[in-house]
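Results of the structural survey
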There are 2 protein chains.
Amino acid sequence: MAEYDALKLDHQLCFPLYAASREIIKLYHGPLTKIGLTYTQYITMMVLWEEKKINVKSLGKRLFLDSGTLTPVLKTLEKEGYISRIRSSEDERVLMVEITREGEKLKEKAAEIPKEIGSCISLKEQDAKELYRILYTILENRNSQ
Amino acid sequence: MAEYDALKLDHQLCFPLYAASREIIKLYHGPLTKIGLTYTQYITMMVLWEEKKINVKSLGKRLFLDSGTLTPVLKTLEKEGYISRIRSSEDERVLMVEITREGEKLKEKAAEIPKEIGSCISLKEQDAKELYRILYTILENRNSQ
DNA sequence: TATAATTAAATTGTATCCAATGTAATTTAG
DNA sequence: CTAAATTACATTGGATACAATTTAATTATA
């Protein structure tokens, strides 16, 4: 009478999600160390390479991270010279984060990373697309709640 | 001439994986706090509810975690009385982790958690299956390298 | 308009993660 | 047999994550 046991690692969706996420992020360690970034700093810079200027709240919504995580990351990136942090004059509560010339230059160094990593993840084109689609349905659901 | 930019958050598979993973794990915080576990402790206990006894290396392979992460987690679980840690007599390097009576009892308290969480993740049955399958192809690929 | 409620960041405290290194036990080679 | 290599786990140090709280600014309301 082998009944179904929901408390098995293999029966949980959260676990492969958690494990695969960390495994993939580990792949970034080498390439990112070469350009002196951590993964969190990297995704933060990706938003800034795209937006140029953004406040902490919007950045947090984009990255699914709160100020508890972002504040120290942003302070480090500022110290490295890649961004500047300036309070908004219209609303002193708001902190604007803006990319610097140095930050822009860093993008060139990072240019090869996506390709480099992509070749390490052996997923069929169709599976990669499916994965991407399903993950975003989860995220959209979350961000709207 | 808007050329494709691989360095966009939306063009990376790693990011939704990382974000979705954390979002899902956050769902566990409430239910797990009620029974006094963290997420890492929870997945560790899941392996032990299944295996009863396992060494640190095998546990780490199962969870994709190394001793740097597991050692402190296991010490905490031992202090709570849910597991015991005993060196193997055949090979003194090996540490065996075994579930206790208290640890077994904890499983009853955790029994409702999977259902509770499942209802929070609004994924179609088919998508959940696909996600599961694709994540495991990534993990199997990793664990064999 | 005062006061209450809300909001945006920062801070605090706890628990990971993980790379790198250390240590002790065991195996392997010469 | 014995030095070298390997293995399993522990330790260390740095960087997150995140819940909870605090602080300061702004907005809403009585």
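Calculation criteria
- Residues numbered from 1 in each chain as written.
- Chains lettered and ligands numbered in written order.
- Predicted model: local features only at pLDDT ≥ 70, side-chain atom pairs only at ≥ 80, totals over all residues.
- Heavy atoms only, no water.
- Pairing = 2+ DSSP bridges.
- Helix = DSSP H or I, 4+ residues; strand = E, 2+ residues; numbered from the N terminus.
- Axes fitted to C-alpha atoms, helices over the stretch in contact; angles between N-to-C directions.
- Least-squares fit on C-alpha atoms with pLDDT ≥ 70 in both.
- Contact = heavy atoms within 4.5 Å.
- Domains from an automatic or database assignment.
- Buried area = accessible area lost by both parts, 1.4 Å probe.
- Salt bridge = Lys/Arg side-chain N within 4 Å of Asp/Glu carboxyl O.
- Polar contact = N/O pair within 3.5 Å; in protein donor to acceptor, adjacent residues only side chain to side chain.
- Nonpolar A, V, L, I, M, F, W, Y, C, P; charged D, E, K, R; others polar.

Before going further, it helps to spend a moment on the sheet that holds strand β1 (residues 53-55) of chain A. All names here are of chain A. With antiparallel pairing, 3 strands are arranged side by side in an open sheet as β1-β3-β2. A strand with exactly one partner marks an edge of an open sheet, and here the two such strands are β1 and β2 (83-87). With direction set aside, neighbouring strand axes in the sheet form an average angle of 25°.

So, on to the relation of the copies chain A and chain B. Overlaying chain A with chain B gives an RMSD of 0.0 Å, the required rotation being 180° about an axis along which the chain moves by 0.0 Å. The relationship between the two copies is best expressed as a two-fold rotation axis. Here 100% of the contact residues of chain A are again contact residues in chain B; the copies associate through an equivalent surface.

A word on the domain arrangement of chain A. Residue and element names in this part refer to chain A. Each assigned domain of chain A is listed here: domain 1 (1-35 + 112-145) and domain 2 (39-105). Once you take the C-alpha centre of each, domain 1 and domain 2 turn out to be 25 Å apart. If you look at the interface, domain 1 gives 7 residues, while domain 2 gives 4 residues. Summed over both sides, the interface of domain 1 with domain 2 buries roughly 650 Å², with 74% coming from carbon and sulfur. Area buried by domain 1 at its contact with domain 2 is led by Ile25, Leu32 and Asn143, which between them contribute 59% of it. One can count 0 salt bridges joining domain 1 with domain 2. Across the domain 1-domain 2 interface, the total number found is 0 residue pairs in polar contact (both at pLDDT 80 or more). Within the residue set of the side of domain 1 that touches domain 2, elements represented by two or more residues are α1 (14-34), α6 (113-118) and α7 (125-143). Residues of the side of domain 1 that touches domain 2, tallied by class, amount to 6 nonpolar, 1 polar and no charged.

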